[in-house]
Amino acid sequence: QVQLVESGGGLVQAGGSLRLSCAVSGRPSSNYALGWFRQAQGKEREFVTVISSDGGSTDYADSVKDRFAISRDNAKNTVYLQMSNLKPEDTAVYYCAAEERIWGFSRSARVYDRWGQGTQVSVSS
């Protein structure tokens, strides 16, 4: 069984930066497309970004494009989310998710069958 554990969340002022990490265990992370989703209080979970299993392709929600960057280190079985120029509307619980696939990726949360416990990101104005 694959397990995902996020870390790196916290409280930051608007305009600041945070880096989230998601450690993958149980199977090699190179078997999985890895995505980040977030859920603000009272709202539905939404797609943030995803990276293909080999790290060669990425996709971003328009709301975070040019501010967030996803990367992965398969040797360390870890995926990262570098968040810059944070805004109060980025406040949410951030979840790491895995989908077993060799190529490509999806924005749909329904295809991801492994999820982390989430880490809180709070941005003050």
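About the criteria used
- Residues numbered from 1 in each chain as written.
- Predicted model: local features only at pLDDT ≥ 70, side-chain atom pairs only at ≥ 80, totals over all residues.
- Heavy atoms only, no water.
- Helix = DSSP H or I, 4+ residues; strand = E, 2+ residues; numbered from the N terminus.
- Rg over C-alpha atoms; globule rule 2.2 N^0.38 Å.
- Core = buried A, V, L, I, M, F, W, Y, C linked by side-chain atoms within 4.5 Å.
- Buried < 20%, exposed > 50% of the residue type's maximum accessible area, 1.4 Å probe, protein only.
- Contact = heavy atoms within 4.5 Å.
- Pairing = 2+ DSSP bridges.
- Disulfide = S-S within 2.5 Å.

This part covers the overall build of the chain. The number of helices and strands found in the chain is 0 helices and 11 strands. Taken from the N to the C terminus, the helices and strands of the chain come in the order β-β-β-β-β-β-β-β-β-β-β. Relative to its length of 125 residues, the chain is compact, with a C-alpha radius of gyration of 13 Å against a globular reference of 14 Å. If you line up the chain on its principal axes, its C-alpha atoms span 40 × 25 × 25 Å.

One broad rule of soluble globular proteins: the nonpolar side chains tend to lie buried together. Within the largest apolar cluster, 32 residues are counted, with the highest numbers of intra-cluster contacts made by Trp36, Phe68, Val79, Leu81, Met83 and Tyr94. No other element matches strand S9 (residues 92-100), which puts 5 residues into this core.

Now for the environment of Leu20. On the secondary structure map, Leu20 appears in strand S3 (residues 18-25). Note: C-alpha distance between Leu20 and Tyr95 (75 residues apart in sequence) is 9.8 Å. Residues in contact with Leu20, not counting those within four places in the same chain, are Ser7, Gly8, Gly9, Trp36, Val79, Tyr80, Leu81, Met83, Tyr94, Thr119 and Val121.

A few words on the pairing of strand S5 (residues 46-51). With 5 of 6 residues buried, S5 lies mostly within the body of the structure. In this structure, the hairpin formed by strand S4 (residues 32-39) and S5 is closed by a connection of 6 residues, where Gly42 is found at a positive phi of approximately 80 degrees. In this sheet, strand S6 (residues 58-60) lies alongside S5 in antiparallel orientation, the contact comprising 3 bridges. Residue pairing across strands places Ile51 opposite Thr58, the latter belonging to S6. Between S5 and S6, which pair antiparallel in sequence order, lie 6 residues; one of them, Gly55, sits at a positive phi of approximately 80 degrees.

With respect to burial, S4 is a largely interior element, 7 of its 8 residues being buried. As paired strands, S4 and S9 are joined by 8 bridges and run antiparallel to one another. Bridge assignment links Gly35 to a residue of S9, and that residue is Ala97. For S4 and S5, the ladder comprises 5 bridges, and the chain directions are antiparallel. Directly across from Leu34, in S5, lies its bridge partner Ile51.

Quick look at the state of the cysteines now. By the definition in use, this model includes 1 disulfide. Note that Cys22 is cross-linked by a disulfide to Cys96, the S-S spacing being 2.2 Å. When the S-S torsion is -80 degrees, as for the bridge of Cys22 with Cys96, the disulfide is left-handed. Here Cys22 is found in strand S3, whereas its partner Cys96 is found in strand S9, with 74 residues between them in sequence. On the basis of relative accessibility, which here comes to 0%, the residue Cys96 falls in the buried class.

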